[in-house]
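# Overview (structure and organization)
One-letter residues, chain by chain:
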Amino acid sequence: MYLYGVAVAALGWCTPILAQDAGGNPSDENEVLVTASRTDTSVALENYTGSASVISAQDLIDRQVRDIADVLRDVPGVAVSSVAGQTQIRLRGSEANHVLVLVDGIEVSDPFAGEFDIGTLQAEIGSRLEVLRGPQSALYGNDAIGGVVAYESASGRDLEGFAARIEGGTEDTINGSARIGLAGSAWDAALSATVVSTDGEPNARGGTRDIGRDSYTVSGKGAVEVAPGFELRATGRYIRTEGDFNDSNFDPTSPTFGLIIDSPDTRFENDAIYALIGARFSVLDDRWTHDLSGQIADIDRDTFGPFGRTSGSEGDRLKASYVSAFAIDDRHSLTFAADWERERFRNDDPFGFASDMRQEIENVGLVGEYRFSGDRFDLAAAVRHDINDRFADETTFRVGAGFDVTASTRIRASAGSGIKNPGFFELFGFFDGQFIGNEDLAPEKSNSWEVGIDQRLANGAILLSATYFDSELENEIFTTFPPPDFIATPANRETESTQRGVEVSASAQLGGGFSVDAAYSFLDAEEDGIEEVRRPDDIASAALNWTHPRDIASATLVVRHNGEAEDLAFTDPSFIPVRVTLDDYTLVNFNARVQLTDQVEAFGRVENIFDETFEQVFSFVSPGRTAVVGLSARF
């Protein structure tokens, strides 16, 4: 528990704390949110009526982030759990498939699983991150009960020129990234490539088989102003991930039954293609904008064993959106949006046990949004009606208000509802003798509210934010094991699931080149009085950064704590899960960089300095201490 103490001490040390949440620079009042509205007009973070965090490109550099999942541990209200081949994020106690993930505006969740494997998202040079906490279904539809995580790569105008980095370290790790950005008076373009490769280490208790992975990402984006007020844009991304994984021991006579064991030759391959094209047209001196876009996502997953392919799935999404936004004046704005979406899925079972019929669901969403931005008061309201060809039509809402009590104190409150339709795997998934989908599932529904206060001190050099939230979920989908076969199948709960908690975040410029960011979250997530799994009661982090006055060197110490969490263990021969408690753990990371020339820097980092042994998921041992060194250049 000592990191909990460290993080709390950091909060106390900063005394006055933060309003900008994780990763915000307290002195930067120009931080904006791109995803807080359906318009293409950004919302100032300080005027947002809900809870949000911005992790800037500089924050990712300072913490030498390579996997986006790692830096999400520094965001209030976010719980991360990772095993080989699947990394999940949960916002405010919601389930992993309740979080909408957008990458350059593209919805990237796998239609098969209903969620995005955030472990496949690598930090590209110049990228940034937004996290909106709380229900966003009124803006984005059925995948955003818990909130939105939005990753944005740098455009050619954001970061011109050539930049690259290369690093190597323990476990035969080699990571590299390169990008080029170009811009003219009416156009810009960027191209990026990122590689992450490691032989890994064992993830079975007492195991000897190293669990390696290789991930390759190629992305590009560009825009051109064809005529005054008329712009075309496009973005694309390809991600390929290959890796090893270990299976559970299914021999009921073995003392390790139900535990993860070395499983030679088991591996996975995932391929994902994402693309978006769009056009924007504005009239009335840019007060009335029209945006039309289309996007695709195509994801294939395969697993392999000693004798060949063992499972597979194909999922794709086609989506079209039209957004019309009208600025009535400098304070009032109205937005209308229409979304059409078609998701498809097919079991690609090599043994022929599962139906390979392609399943399809279509949805139309209609959105109305109003925003008021005054000198001291802000108001936002949105309503959405979804028309689904499989499930009943639903209407969701969100309303929020913020008031500047003084020049340095702001109070805010918001409320909203959410909807999550069952995913294809829950409806039609099949693994012989292990899992059968349930076509009779009903959508999950939520109602949430929150109140918060933001405080600025020392002329904005120190910021504080505190939020209390309360949410109720109906028709929660869970996994049951009905007799006589006790084969896993999903079902809707008849009781309510509740999530309540407190989020506190802090940031301060301490002088002498030092700055600190800290966050703490308390969560009480229960279903019918029983604690929900993989949702720690306490999560905390603190990051202390030092930067030389001329920016020729810097160093960052990051401490992250995850409290105890409940999980399920399949250690009973009946295959009915047994509840277990995962121990709390504390991770300490340190990195530094030094400028060698005007264009070249050397850097290094050590993660999990004290070689803590911990499990994020029952029986999966997480990585120990690792170290890397590298070079970066920009021209």
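Residues numbered from 1 in each chain as written. Predicted model: local features only at pLDDT ≥ 70, side-chain atom pairs only at ≥ 80, totals over all residues. Heavy atoms only, no water.

## Comments concerning the overall build of the protein
We apply this condition: Strands here are runs of E lasting at least two residues and helices are runs of H or I lasting at least four, both read from the DSSP assignment and numbered beginning at the N terminus. It is over C-alpha atoms that the radius of gyration is taken, and the globule rule equals 2.2 Å times the number of residues to the power 0.38. Partly exposed describes any residue whose relative accessible area lies between the buried limit of under 20% and the exposed limit of over 50%, with all areas from a 1.4 Å probe on protein chains only and scaled to the type maximum. Any two residues whose heavy atoms approach within 4.5 Å are treated as being in contact. Here the accessible surface of atoms and residues is derived via Shrake-Rupley with a 1.4 Å probe, and residues count as covered only by protein chains that are part of the display. The positive count covers Lys and Arg only, the negative count covers Asp and Glu only, and His and the chain ends enter neither. To locate a charge, the coordinates of NZ of Lys, CZ of Arg, CG of Asp or CD of Glu are taken.
Looking only at helices and strands, the protein features 5 helices and 40 strands. Expected size for 635 residues packed as a compact globule is a radius of gyration near 26 Å; at 24 Å, the protein falls within 12% of this value. Sorting the 635 residues of the protein into buried and exposed places 54% on the buried side. Sequence-distant contacts, at least 24 apart, represent 63% of the contacts inside the protein between residues at least 6 apart. As displayed, the protein has an accessible area near 25,900 Å², and 58% of this comes from carbon and sulfur atoms. Side-chain charges of the protein comprise 51 positive and 104 negative groups, with the mean position of each set lying 5 Å from the other.

## Comments concerning the environment of Leu318
Among the structural elements, Leu318 can be located in strand 17 (residues 308–327). Residue Leu318 is classed as partly exposed on the basis of its relative accessible area, which comes to 31%. Once the C-alpha coordinates of Leu318 and Ile436 are considered, the two residues, 118 residues apart in sequence, prove to be 27 Å apart. Other than its neighbours up to four places away in sequence, Leu318 contacts Gln295, Ile296, Trp340, Glu341 and Arg342.

## As for the packing of aromatic side chains
Rule in force here: We call Phe, Tyr and Trp rings a pair once their centres come within 6.5 Å, taking the six-membered ring for Trp, and we label the pair stacked below 30 degrees between planes, edge-to-face above 60, and tilted otherwise. In our convention, an over-ring charge means Lys NZ or Arg CZ found within 6 Å of a ring centre and within 35 degrees of that ring's normal.
Under the definition given, this model contains 11 aromatic pairs. When the ring of Phe112 is compared with that of Phe425, the centres are 5.1 Å apart and the planes differ by 70°; the resulting orientation is edge-to-face. Of this pair, Phe112 sits in the loop between strand 7 (106–107) and strand 8 (128–133) while Phe425 sits in helix 5 (residues 424–428); the two residues are 313 residues apart in sequence, bridging distant segments of the chain. Their ring planes at 55° and their centres at 5.6 Å tell us that Trp449 and Tyr468 sit as a pair that is tilted. With a gap of 19 residues between them, Trp449 in strand 25 (residues 444–457) and Tyr468 in strand 26 (residues 462–474) connect regions that are remote in the sequence. Note on Tyr468: relative accessible area 31%, which makes it partly exposed. In textbook terms, an aromatic cluster arises when at least three aromatic residues are bridged by ring pairs, as seen for Phe112, Phe345, Phe424, Phe425, Phe428 and Phe435. The cationic tip of Arg267 hangs over the ring face of Phe304; the distance from NZ or CZ to the ring centre is 4.1 Å. A cation over an aromatic ring shows up here: Arg493 above the ring of Phe478, its NZ or CZ 4.0 Å from the ring centre.

## Here we look at the pattern of salt bridges
Where we set the bar: Any Lys or Arg side-chain nitrogen located within 4 Å of an Asp or Glu carboxyl oxygen qualifies as a salt bridge.
Under the counting rule described, the total for this entry stands at 58 salt bridges. For Glu167, the salt bridge goes to Arg605, with nearest N and O atoms at 2.6 Å. Taken together, the residues Glu167 in strand 10 (residues 161–169) and Arg605 in strand 37 (residues 600–607) connect sequence positions 438 residues apart. Taking the relative accessible area as the measure of exposure, Arg605 reaches 8% and is therefore buried. Through salt bridges with shared partners, one network takes in Asp302, Arg309, Glu314, Asp316, Arg342, Arg344, Arg346, Asp348 and Arg358.

## Structural notes on the sheet that holds strand 3 (residues 51–55)
So the rule is basically this: Only strands joined by at least two bridges in the DSSP assignment are considered to pair.
The mixed open sheet is built from 5 strands, whose spatial order is 3-8-9-6-7. This sheet does not close on itself; its edge strands, each paired only once, are strand 3 and strand 7. As defined by bridge partners, strand 6 (residues 99–103) adjoins strand 9 (residues 147–152) across 5 bridges and the pair is classed as parallel. Residue pairing for strand 9: Val99 is matched across the bridge by Gly147.

## Some details on the confidence of the model for the protein
Note the cut-off: A residue's pLDDT is simply how confident the predictor is in it, with values from 0 to 100.
Chain-level pLDDT for the protein is 92 on average; 95% of the residues reach the 70-or-more range. The low-confidence segment residues 1–20, where pLDDT is below 50, has 61 contacts with residues more than four positions distant or belonging to other chains. Counted against residues more than four places away or in other chains, residues 22–28, with its pLDDT under 50, gives 27 contacts.

## Quick look at a nonpolar patch on the surface
Where we set the bar: Exposure above 30% relative accessible area and the lack of any salt bridge qualify a residue for a patch; like charges then connect within 9 Å, and the nonpolar side chains Val, Leu, Ile, Met, Phe, Trp and Tyr within 5 Å.
On the surface, a nonpolar cluster with roughly 1,000 Å² of combined accessible area is contributed by Phe162, Ile180, Leu182, Trp187, Leu191, Val218, Val224, Val226, Leu232, Tyr238, Ile273 and Phe635. Only strand 11 (173–183), strand 12 (187–201), strand 13 (211–227) and strand 14 (230–244) provide two or more residues apiece to the nonpolar patch.

## So, the side chain of Arg63
Quick reminder of the rule: Two N or O atoms count as a polar contact when they lie within 3.5 Å, although within protein this holds only if one can serve as hydrogen donor and the other as acceptor, and sequence-adjacent residues are included solely when both atoms are side-chain atoms.
Relative to the helices and strands, Arg63 is located in the loop between helix 2 (57–62) and helix 3 (68–72). Residue classification places Arg63 among the buried residues on the basis of a relative accessible area of 11%. Engagement of the side chain of Arg63 in a polar contact is seen with the side chain of Asp517, the distance being 3.3 Å.

## Looking at the nonpolar core
Spelled out, the test is: Here the nonpolar core consists of buried residues drawn from Ala, Val, Leu, Ile, Met, Phe, Trp, Tyr and Cys, with membership extended through side-chain atoms lying within 4.5 Å.
Counting 31 residues, the largest nonpolar core has Leu72, Ile89, Val101, Ile118, Leu129, Val149 and Tyr274 as its most contacted members. The leading source of residues in this core is helix 3, at 4 residues. With residues near it in sequence (within four places) discarded, Ile118 still touches Ala69, Leu72, Thr87, Ile89 and Val101.

## Overview of the pairing of strand 4 (residues 78–83)
Of the strand pairs in this sheet, strand 4 and strand 5 (residues 86–91) are connected by 6 bridges, and their pairing is antiparallel. Each bridged residue has a counterpart across the sheet, and for Val83 the counterpart in strand 5 is Gln86. Counted along the chain from strand 4 to the antiparallel partner strand 5, the turn is 2 residues long, and its residue Gly85 has a positive phi close to 90°.

## Some points on the side chain of Ser521
Relative to the helices and strands, Ser521 is located in strand 30 (residues 514–527). For Ser521, a relative accessible area of 8% puts it in the buried group. Looking at Ser521, its side chain comes within polar contact range of the main-chain nitrogen of Gly77, at 2.6 Å. Once you skip the residues sitting within four places of it in the chain, Ser521 turns out to touch Pro76, Gly77, Val502, Glu503, Asp537, Asp538 and Ile539.

## Quick look at unusual backbone geometry
Looking along the chain, the bond that leaves Pro483 and enters Pro484 is cis, with omega of 5°. Along the chain, Pro484 falls in the loop between strand 27 (477–480) and strand 28 (489–492). With a phi close to 55°, Asp285 is a non-glycine residue in the positive phi region. Structurally, Asp285 is set in the loop between strand 15 (267–283) and strand 16 (288–305). A positive phi is found at Ser619, a non-glycine position, where the angle reads about 75°. Here Ser619 shows up in the loop between strand 38 (615–617) and strand 39 (620–621). Assessed through its relative accessible area of 1%, Ser619 is described here as buried.

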